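# A closer look at the structure
So the chains spell out like this:
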Amino acid sequence: MKVLHTADWQIGKPFARIEDARKRALVQQERIDAIARLGALARDEQASLVLVAGDLFDSPTADKATVSAACSAIGGIGLPVVVIPGNHDHGGPGTIWKQDFFLREQREMAPLMTVLLENQPFECDDAVILPCPLQRQIESRDLTAWLREAELYASLPPGKPRIVLAHGSVAEFGAADDEDELFSGVSGRLDLDRLPMDELDYVALGDWHGTKQVTPKAWYSGTHEIDRFPRGEANRPGHVLLATVERGGVPDVKEFVTGRLGWQSLEHHFADDHGVEELEALLREHFGTRADQDLLQLRLTGSLGIEAADALERLLDTFSSRLLRLKLYDEVVTAPTGDELAELSGNLSDPLVAKVATRLVAMLSSGDESAEVAAAALRELYSAVQREGGDEAS
Amino acid sequence: MKLLKATVRNYRIHRDVTVEFDPERTLIGGQNESGKSTLVEALHHALFMKARKTGRERDKMSSDRYPGTPEVELRFSARGSDWHLVKSFNKGRKGAARLTQEGGRTWTDDEAEARLAELLQVEQQGRNEKEQWAHLWVWQGRSGEDPSADTQSEQQRLISRLQEGGGAVAMQSDTDVRVMDENARSYAEYYTQTGKLRAGSALQLAEDACQAASAGLEVAQRTLKDVEKAISEFEAAGRTIAQGERDLEGLRKQQKELQERLDTLGRLRHEEQDSLHTVEKAGEVYARCEEADRSINGLEKEIAELELRSAPGVQEEIVLSGVLGEAEQGLCEARKAADAARTLRRNASLQLELARARVTRWRAAEQVRELKAKVDEAGVLNASFKELRQKLGSLPELDEALLDRMTALQERHLKAQAALEGMAAEIELLKTDTDVEVSGERMVPGGRARITEPADLVLGDTVRVRIYPGGGNSLTVAREEVARSEEELRLLLDRFAVESVASATAQLRQRNELEVSAKRVQEQLQGIDDGTLHQQLASAEELLQRAESDAGRRAGMFTGSIEPLDLQEALQQLDTAEASFERAQEAEDDSQKIVEDMESRVAAAAGQLEELQERIAGSKQQLATKRDLLVWLVSQHGDKKTREEALLGNRKALHEAEAVLQRVRMELRKLQPELLEGDRERLARSMEQKRDAKSRAMEILGESRAQLRLDGSMDPVAACHEARALLDSAERRLRGVRLRADSLALLHELFSEEQRTLADRFSKPLAEKVTGYLQALFGPGTEARVTFDNGAFREIRLVRPSVSGAVEFDALSGGAREQVAAAVRLAIAELLAADYDGSLPLIFDDAFAYSDPERVQELQRMLDLGARKGLQIIVLSCNPSDYAGLGAREMVLDPQ
């Protein structure tokens, strides 16, 4: 039978760092839209079941609007959807799974959705799901422990494939550390090595946001829609997995892309003022004339003259309005060019300006925070002087 | 430019006055109201006021005394030529001006005004003409004002001069000013004048936003924590409840066991009670038996003792009785003796009283005698006094005054007589052969006759000569006077029945003597008797009578008592009686003491005896009682043998009962009853606690459950994320704003500093020049400081060696201000003179009124320095002698 394995939707993630409200809403909405995409895929590929291996919601106390949107999207899939709580949306008391407003919406809008909160086997038409839900915020014991009881397997129907649905960290991986993680409860541990793999046919894992195969039968699906800046090539989010499983066999797993937004990380160093043009070219290359589709993490180093610094500022301003988010690490130093210096300090006809400019230039090399203030003052002075040039000309 | 000569006509006080100026130093003296200031004004108006000007200033020029148009004629040198200027201030159209260049052309009216302005290098300004060359004209009363205000119009020229002098020093450009102003404006958006952050500035707002975001984050975090807390409380409560159930089960089981043991305990306790009872009873019986036996034995012993003790008592009794008897006897005798002593004493007392009474009597008698003597004396004196008075009565009542009058009258009379005699004529008969008669009186030869009135001299019968003594009327008057005075004297003498004045004198003398004697006698009398003498005598006699009767009565009590014959004897008797009395008193006291002694001894002996007798009686009684008791006890409890047997039996019973008790107690101990009680309490307590904890946990469970029932209107986790992001962006924004504010402040600071440095370059040379002048006046160490700011000079300050720090112009004393202002003007004039062929006039109208005379002397040096540097120094003063040291050309202004 075919099953669509996904996880870490984290619906309701606030993306609070995106200051523009409209853009923020776009990024949030994309995650809901991706559900529809994977739903269409599941139907096309004739999957009989959709498994969400934890962290469906970003918070254990998601609000009504989030719940309604999610349930509606889930309902729109049109297939049974089996969900377990993850560490973000754990199943402890007072969490979303027990609240009246969730239960109501689920009943009405996603009747085919089942939330498994206990360590109990769940039988569907085509398979048996063995859930390892996180029932509290902090769980230090091995969530798969109950799967080692021999009696369990005796009670299961012999013909149906057995799929473990779990959320947590397998031995080699540590919990993902994210600047956005406020609530990084230590994910539960999953000790896969001790499981009776003969009795199990697929282990559908969640928590790690990149798609990854861990053992022949155990996979992380990764998040369906990218939700953070990439941390290296090995991390490949934005996918769902379609697993073909059978009782007693090895599963056949195919990847499909469901992510749409682009999250990129770039670096650029300014050796001279031309670097600004180079950066412009680079940015055009990556983003073309797209808007509202990309998020960029940009680290800038090096030094620029005053005018070049202004040009850089204008360039960044342009792109930040096109991008959904520009996360900037700006370590660029302002070092006036020879011409600029001549205009300021070498200008004998404006003795005060020249003297003040000379003093500011001297302060640039001090290396402490006064250098930063001096650089800003210098730029201010330069532009004030330039303004006159413009006026006089007219 | 120098002034050469000026003539002023019809200008207020001046009809026509001419002043010639020295090219270097001019001193114009004149009293107050001599028109010095008017002259100064006229010079200024000539140069700067339009001839056709109308208005108040022009009106003020007109003279009350002199009709005609005010006119000023001025010769001056400028631009290498001499000029002749005539201005006729005839209001409006009629005013005329004429300017002639010596050896050159002439300009009139407007052209003349224009040319003049050009020469003086000033702008023609109708309104502010008073400000023209204000730095060179020191008006009277205004010498102490800050001269920098007067240099406004010359700032540009000054700067140019200073620039040339200091060698191409750059001035701030327009760009500099613009950029600086822009920066100042931007800076002002963030900071106040004092450099503090402006409320409501962007920076303030950014900081506020950060605060708010921070607070918001705290709130979101708290909310989230609350949710987490509710969750963990819920879970904890659940665990507590489950555990509580288990614990309570265990406790219940323990309770059951405990109860069984408690039942056993109860039973054993009962048994213990019973056997205890038995033991007690047996003990009692035994004790009673023992008691009785003991009593009997004890009693027998006591009886034996008592008998032994009471033996000696009787003997003692006898002895004590004897002692008592003796003591009583002694007492009786003592009493008798005391009585006798008392009687003696009483007697002595009476004797004493008698003696006292006798003494009193004799004293009274003395008194009476004395008084009587006095009375007699008084009588004698009285008689004498009466005699004297009588004698006095027989004498005429003359006194000194009368005598004086008599004497005076007599004198008068004698005088009158003498006068008459003087006037009288005397006839001396030398020889005659007939009868000679004068006033009927025969005269004998050798006889004299005095004639005091017309008298007839009869010679015989035939010749009758009437002689009129000289003096005419006066003789008559004198004669009358004699008669009168004799009459008056006679009258007076008769009135007092005195023969003559001599006898009156004698009588008066007698009278005085008598009066003196009488007075003396009177005084003596008063000394003896002040009027009360008789009364005193009467009372003394009464006293004597009483004393006599009293003494007589007392003497009657004693037979054979000897009467004293006088006071001396009476006193002797008193002494004796007093001595006897004292002796008798002492004897009585002694005997009384003995009596008391005896009494106490008797009492003591009696007491002892009584005590002993009581004791004896007591013992007898005790013995009897005890014997009776013994008999009774033996009858009750039997004899010795019987008693012993009973004791033995009872002891055995007691031991048996005790053994039973012991056994039961051992069993009880095994049960550890004390601990059982503790166990019961402990278990009860535990169960209570567990129940309480469980119900508390259930409450918490309920509360948490309620708290955890969310309505989904907000997501605390998402809210936290958002709050944190908000704070981060607020902080980022704040950093940006702060950077801008800091950079503006830095620019502001740097511009201010650089501007100040630049300004110093200008102000220094001017300050140095002023310093040069001031040092001529105040000495080395003096320094002037000038501020150059915004293209203008202002804020002159003075540094003196004696004073620390720079003193502002306004803070100087009146005199110092005048001096410093003068120095500044000299410096500025010197600088400006370069544009005027190296010379400018500087006019000081009474400019040093507040300066000390010594200072004024030193001022000459400063003024002279100016002159040596090319300036034309013109000084006007009420006291030109003050400026003698200047070496100027002097002239005096006479009011015409």
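Residues numbered from 1 in each chain as written. Chains lettered and ligands numbered in written order. Predicted model: local features only at pLDDT ≥ 70, side-chain atom pairs only at ≥ 80, totals over all residues. Heavy atoms only, no water.

Further remarks concern the overall build of chain A. Counting its secondary structure elements, chain A contains nine helices and 18 strands. Looking at the 394 residues of chain A, the share that counts as buried comes to 53%. Considering only contacts in chain A between residues 6 or more positions apart, those separated by 24 or more positions represent 72%. Working note: accessible area of chain A is about 16400 Å², and carbon and sulfur atoms make up 49% of it. (Helix = DSSP H or I, 4+ residues; strand = E, 2+ residues; numbered from the N terminus. Buried < 20%, exposed > 50% of the residue type's maximum accessible area, 1.4 Å probe, protein only. Contact = heavy atoms within 4.5 Å. Areas by Shrake-Rupley, 256 points an atom, 1.4 Å probe, with all protein chains shown as cover.)

Before going further, it helps to spend a moment on the packing of helix H7 (residues 313–394) of chain B against helix H11 (residues 533–555) of chain B. All names here are of chain B. Packing of H7 against H11 brings their axes to within 8 Å, and their N-to-C directions diverge by 155°. Viewed along their axes, H7 and H11 adopt a mutual orientation that is roughly antiparallel. Crossing of H7 over H11 shows left-handed handedness. (Axes fitted to C-alpha atoms, helices over the stretch in contact; angles between N-to-C directions. Parallel < 35°, antiparallel > 145°, perpendicular 65-115°, else oblique. Left-handed = near helix turned anticlockwise from the far one by under 90°.)

Another aspect to go through is the interface of chain A and chain B. Facing the 43 residues of chain A at the interface are 49 residues of chain B. Buried area between chain A and chain B, both sides added, is near 4000 Å², and the carbon and sulfur share of it is 63%. Joining chain A to chain B, the criterion identifies eight salt bridges. One salt bridge connects Asp728(B) with Arg17(A), and the closest N-O pair in it is separated by 2.2 Å. Connecting chain A to chain B are 13 residue pairs in polar contact (both at pLDDT 80 or more). Elements represented by at least two residues in the side of chain A that touches chain B include exactly helix H8 (351–364) and helix H9 (369–393) of chain A. Take the side of chain A that touches chain B: its biggest share by element is eleven residues, from H9(A). When grouped by side-chain class, the residues that make up the side of chain A that touches chain B number 21 nonpolar, eight polar and 14 charged. (Buried area = accessible area lost by both parts, 1.4 Å probe. Salt bridge = Lys/Arg side-chain N within 4 Å of Asp/Glu carboxyl O. Polar contact = N/O pair within 3.5 Å; in protein donor to acceptor, adjacent residues only side chain to side chain. Nonpolar A, V, L, I, M, F, W, Y, C, P; charged D, E, K, R; others polar.)

Next up on the list: the environment of Lys626(B). All names here are of chain B. Its location among the elements puts Lys626 in helix H12 (residues 567–637). Once the C-alpha coordinates of Lys626 and Leu299 are considered, the two residues, 327 residues apart in sequence, prove to be 7.1 Å apart. With residues up to four places along the chain from it excluded, the contact list for Lys626 reads Leu299, Glu302, Ile303 and Leu306. Separated by 2.8 Å, the side chains of Lys626 and Glu302 make a polar contact.

Okay, helix H5 (residues 275–287) of chain A next. Residues and elements named next belong to chain A. Helix length check: H5, at 13 residues, gives a terminal C-alpha distance of 18 Å against a target of 18 Å (1.5 Å per residue), a fit within 8%. Check the buried side of H5 and you find it contacts strand E15 (262–270), strand E16 (294–304) and helix H6 (306–322). In the segment just after H5, Gly288 is the residue with positive phi, at about 55°. (Expected span 1.5 Å × (residues − 1).)

All names here are of chain B. On the surface, a nonpolar cluster with roughly 170 Å² of combined accessible area is contributed by Leu459, Val463 and Val465. Examined against the element boundaries, Val463 turns out to sit in strand E14 (residues 463–467). Classification of Val463 as partly exposed rests on a relative accessible area of 33%. (Patch = residues over 30% accessible without salt bridge, like charges linked within 9 Å, V, L, I, M, F, W, Y side chains within 5 Å.)

This part takes up the sheet that holds strand E19 (residues 872–877) of chain B. Residue and element names in this part refer to chain B. Spatially, the five strands line up as an open sheet ordered E8-E18-E19-E3-E20, and their pairing is parallel. The two strands at the open ends of the sheet, each matched to only one other strand, are strand E8 (137–138) and strand E20 (889–892). Judged from the two bridges that link them, E8 and strand E18 (residues 841–845) form a sheet pairing that is parallel. Across the sheet, residue Val138 finds its bridge partner in E18, namely Phe844. Here helix H1 (residues 36–48) sits on the sheet in contact with strand E3 (25–29), E8, E18 and E19, set at roughly 150° to E18. Sheet strands in contact with helix H17 (residues 853–868) are E3, E18 and E19, and its direction is about 145° off that of E19. (Pairing = 2+ DSSP bridges.)

Turning to the nonpolar core, a few remarks are in order. All names here are of chain B. The biggest cluster of nonpolar side chains holds 99 residues, and the ones touching the most others in it are Met1, Phe76, Trp133 and Phe844. In terms of residues, this core owes the most to one element, helix H16 (residues 814–833), which gives 13 residues. If we skip the residues at most four places from it in the chain, Phe844 touches Val138, Ala822, Leu863, Ile873, Ile874, Val875 and Leu876. (Core = buried A, V, L, I, M, F, W, Y, C linked by side-chain atoms within 4.5 Å.)

Next up on the list: the environment of Ser365(A). Residue and element names in this part refer to chain A. Mapped onto the elements, Ser365 comes out in the loop between H8 and H9. Sequence separation between Ser365 and Ala375 is ten residues, and the spatial gap between their C-alpha atoms is 9.9 Å. For Ser365, the side chain forms a polar contact with the main-chain oxygen of Ala362, separated by 3.1 Å.

In total, this model carries 79 salt bridges over all chains according to the counting rule given. A salt bridge links Arg359(A) to Glu753(B); its shortest N-O distance comes to 2.7 Å. Placement of Arg359(A) in helix H8 and of Glu753(B) in helix H15 (residues 716–778) is noted, with the two residues assigned to different chains. Classification of Arg359(A) by relative accessible area gives partly exposed; the value is 31%. Close ionic contact of Arg25(B) with Asp864(B) constitutes a salt bridge, the shortest N to O distance being 2.7 Å. Of the two residues, Arg25(B) is situated in strand E3 and Asp864(B) in helix H17; the sequence distance between them amounts to 839 residues. We classify Arg25(B) as buried; its relative accessible area is 14%. It is possible to trace a salt-bridge network through shared partners that takes in Glu30(A), Arg37(A), Glu225(A) and Arg260(A).

Another point: unusual backbone geometry. Residues and elements named next belong to chain A. Backbone geometry at Gln10 places phi at a positive 45°, although glycine is not the residue there. By relative accessible area, which is 1% here, Gln10 ends up buried. Phi angles above zero are rare outside glycine, and Asp55 is one such case at about 55°. Residue position: Asp55 is located in the loop between strand E2 (49–52) and helix H2 (64–77). By relative accessible area, which is 0% here, Asp55 ends up buried.

As a further point, take the environment of Leu863(B). Residues and elements named next belong to chain B. Topologically, Leu863 is positioned in helix H17. Here Leu863 falls in the buried class, since its relative accessible area comes to 0%. When sequence neighbours within four positions are dropped, the list of residues in contact with Leu863 reads Leu826, Phe844, Ile873, Val875 and Leu886.

Time to look at the sheet that holds strand E13 (residues 239–244) of chain A. Remark on secondary structure: sheet strands pair via backbone hydrogen bonds, oriented parallel or antiparallel. Residue and element names in this part refer to chain A. If you walk across this open sheet you meet the six strands as E4-E3-E2-E1-E13-E14, and the pairing is mixed. If you trace the sheet from one side to the other, it starts and ends with strand E4 (113–115) and strand E14 (252–257), each paired once. Here the strands of the sheet are splayed against their neighbours by 25° on average, with no regard to which way each runs. Strand direction decides the pairing type here: strand E1 (residues 2–6) and E2, joined by four bridges, are parallel. Bridge pairing in E2 links Val3 to Leu49.

What follows concerns the confidence of the model for chain A. Per-residue pLDDT for chain A averages 87, and the proportion of residues at 70 or more is 93%. Across residues 177–184 of chain A, where pLDDT falls below 50, the model places 21 contacts with residues more than four positions away in sequence or in other chains. (pLDDT = per-residue confidence, 0-100.)

Here the focus is the confidence of the model for chain B. Counting all residues, the mean pLDDT for chain B is 86, and 98% of those residues have values of 70 or more. For this predicted complex, the interface score ipTM comes out at 0.85, while the overall pTM is 0.53.

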